[in-house]
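As a plain string of letters, each chain reads:
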Amino acid sequence: MKKITFLFILISGFMFSQEFKITPENYKNKNDETKNFVVLEFENKPKDELFKKVKSYIISNYKGIKNDGYNEIENEQIVLDVESRNTATIMFIMSGSNIWAISNRYEINFKDNKIIIKPSFKNLTNGVDEISLNNGNFMIKSIFNKKGEPSKEKSIDFINSEANKFVLDIKSAISADSEW
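The following paragraphs examine the structure supplied in this document. (Residues numbered from 1 in each chain as written. Predicted model: local features only at pLDDT ≥ 70, side-chain atom pairs only at ≥ 80, totals over all residues. Heavy atoms only, no water.)

Notes on the overall build of the chain
1) Next: Along its length, the chain carries four helices and nine strands.
2) Next: Taking all 180 residues of the chain together, 39% fall into the buried category.
3) Next: Working note: accessible area of the chain is about 10800 Å², and carbon and sulfur atoms make up 52% of it. (Helix = DSSP H or I, 4+ residues; strand = E, 2+ residues; numbered from the N terminus. Buried < 20%, exposed > 50% of the residue type's maximum accessible area, 1.4 Å probe, protein only. Areas by Shrake-Rupley, 256 points an atom, 1.4 Å probe, with all protein chains shown as cover.)

Below you can see the structure in the form of structure tokens.
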């Protein structure tokens, strides 16, 4: 029964989730581009419980984050800088490695029954080997051309999927049944 419930939450999360898309101005709410955040609602969840679950998820899934790139105001806000746990091969440069990770900053604010997540794209990092590091930080202006069109569609898909996966993972961590 728990597996069916989890599957339903996962499927409904994909169908009804609020999503981000990267633009030349940074992340925007896919459904309302005037907003750069999404609001997740959780019925009967006080902000201290939401804060604890999100903090627990972050510390469990982003090793070493407590040492660097993490700030919190207890029960109010968490701001963290993370590098994606996934990488993608995208041909931006002709020599060296083309295995990229994403660095994002996430600001998460808490109220009773809801959280607001606001991501900020920092860069794509090509850090597989030392030789490629000098070629390896692409800012948002490198991902879009002067007309605002993506220079590499695969990079846009990768950036969007990582930000949206972060939101979906937070939503799943909060919604997960705490019984064990």
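Read on for the rest.
Observations regarding the packing of aromatic side chains
1) Next: Evaluated as defined, the whole model comprises six aromatic pairs.
2) Next: Relative to Phe110, the ring of Phe51 lies with its centre 5.2 Å away and its plane at 70 degrees, an arrangement referred to as edge-to-face. With Phe51 in helix α2 (residues 47–61) and Phe110 in strand β7 (residues 99–111), this pair connects stretches of sequence that are 59 residues apart. Note on accessibility: Phe51 and Phe110 belong to one class, buried.
3) Next: Their ring planes at 80 degrees and their centres at 6.4 Å tell us that Tyr57 and Tyr62 sit as a pair that is edge-to-face. This pair shows no difference in class: Tyr57 is buried, exactly as Tyr62 is.
4) Next: Chaining the aromatic ring pairs together yields one cluster made of Tyr57, Tyr62, Tyr106 and Phe166.
5) Next: The ring centre of Tyr62 lies 4.9 Å from the NZ or CZ of Arg85, which sits over that ring. (Phe/Tyr/Trp six-rings, centres within 6.5 Å; stacked < 30°, edge-to-face > 60°. Lys NZ or Arg CZ within 6 Å of the ring centre and 35° of its normal.)

Considering the packing of α2 against helix α4 (residues 153–175)
1) Next: Two elements in contact, α2 and α4, have axes whose closest approach is 9 Å; the angle formed by their N-to-C orientations is 120 degrees. As judged from the angle between their axes, α2 and α4 are oblique. In the packing of α2 onto α4, the handedness of the crossing is right-handed. Every residue of α4 that contacts α2 at Leu50, Lys53, Val54 and Tyr57 is listed here: Asp169, Ile170, Ala173 and Ile174. (Axes fitted to C-alpha atoms, helices over the stretch in contact; angles between N-to-C directions. Parallel < 35°, antiparallel > 145°, perpendicular 65-115°, else oblique. Left-handed = near helix turned anticlockwise from the far one by under 90°. Contact = heavy atoms within 4.5 Å.)

Looking at the pairing of strand β3 (residues 38–41)
1) Next: On β3, burial follows the alternation: Val38 and Leu40 on one face are buried, whereas Val39 and Glu41 on the facing-out side are not.
2) Next: Examined bridge by bridge, β3 and strand β8 (residues 114–126) share four bridges and lie antiparallel to one another. Looking at the pairing, Val38 lines up with Ile117 of β8. (Pairing = 2+ DSSP bridges.)

Concerning the nonpolar core
1) Next: Core analysis: the biggest nonpolar cluster contains 42 residues, and Ile58, Leu80, Ile115, Ile117 and Leu124 have the highest contact counts within it.
2) Next: In this structure Ile115 touches Val38, Val39, Leu40, Phe42, Leu50, Val54, Ile108, Asn109, Phe110, Ile170 and Ile174, once residues within four positions along its chain are discounted. (Core = buried A, V, L, I, M, F, W, Y, C linked by side-chain atoms within 4.5 Å.)

Re the pattern of salt bridges
1) Next: Across all of its chains, the model carries ten salt bridges by this definition.
2) Next: The shortest N-O distance in the salt bridge between Glu19 and Lys30 comes to 3.5 Å. Highlighted residues: Glu19 in the loop between α1 (2–16) and β1 (20–23) and Lys30 in the loop between β2 (26–29) and β3, separated in sequence by eleven residues.
3) Next: Accessibility expressed as a relative area gives 25% for Glu19, which makes it partly exposed.
4) Next: Of the residues examined, Lys30 reaches a relative accessible area of 48% and is grouped as partly exposed.
5) Next: For the salt bridge of Lys55 with Glu72, the shortest nitrogen-to-oxygen distance reads 3.2 Å. Here Glu72 lies in strand β4 (residues 70–73) and Lys55 lies in helix α2, a separation of 17 residues in the sequence. (Salt bridge = Lys/Arg side-chain N within 4 Å of Asp/Glu carboxyl O.)

Describing the side chain of Asn104
1) Next: Residue position: Asn104 is located in strand β7.
2) Next: At 3.1 Å, the side chain of Asn104 and the side chain of Tyr27 are in polar contact.
3) Next: A polar atom in the side chain of Asn104 sits 3.1 Å from the side chain of Tyr106.
4) Next: For Asn104, the residues in contact, after removing those within four places along its chain, are Tyr27, Leu80, Asp81, Val82, Ser120, Phe121 and Lys122. (Polar contact = N/O pair within 3.5 Å; in protein donor to acceptor, adjacent residues only side chain to side chain.)

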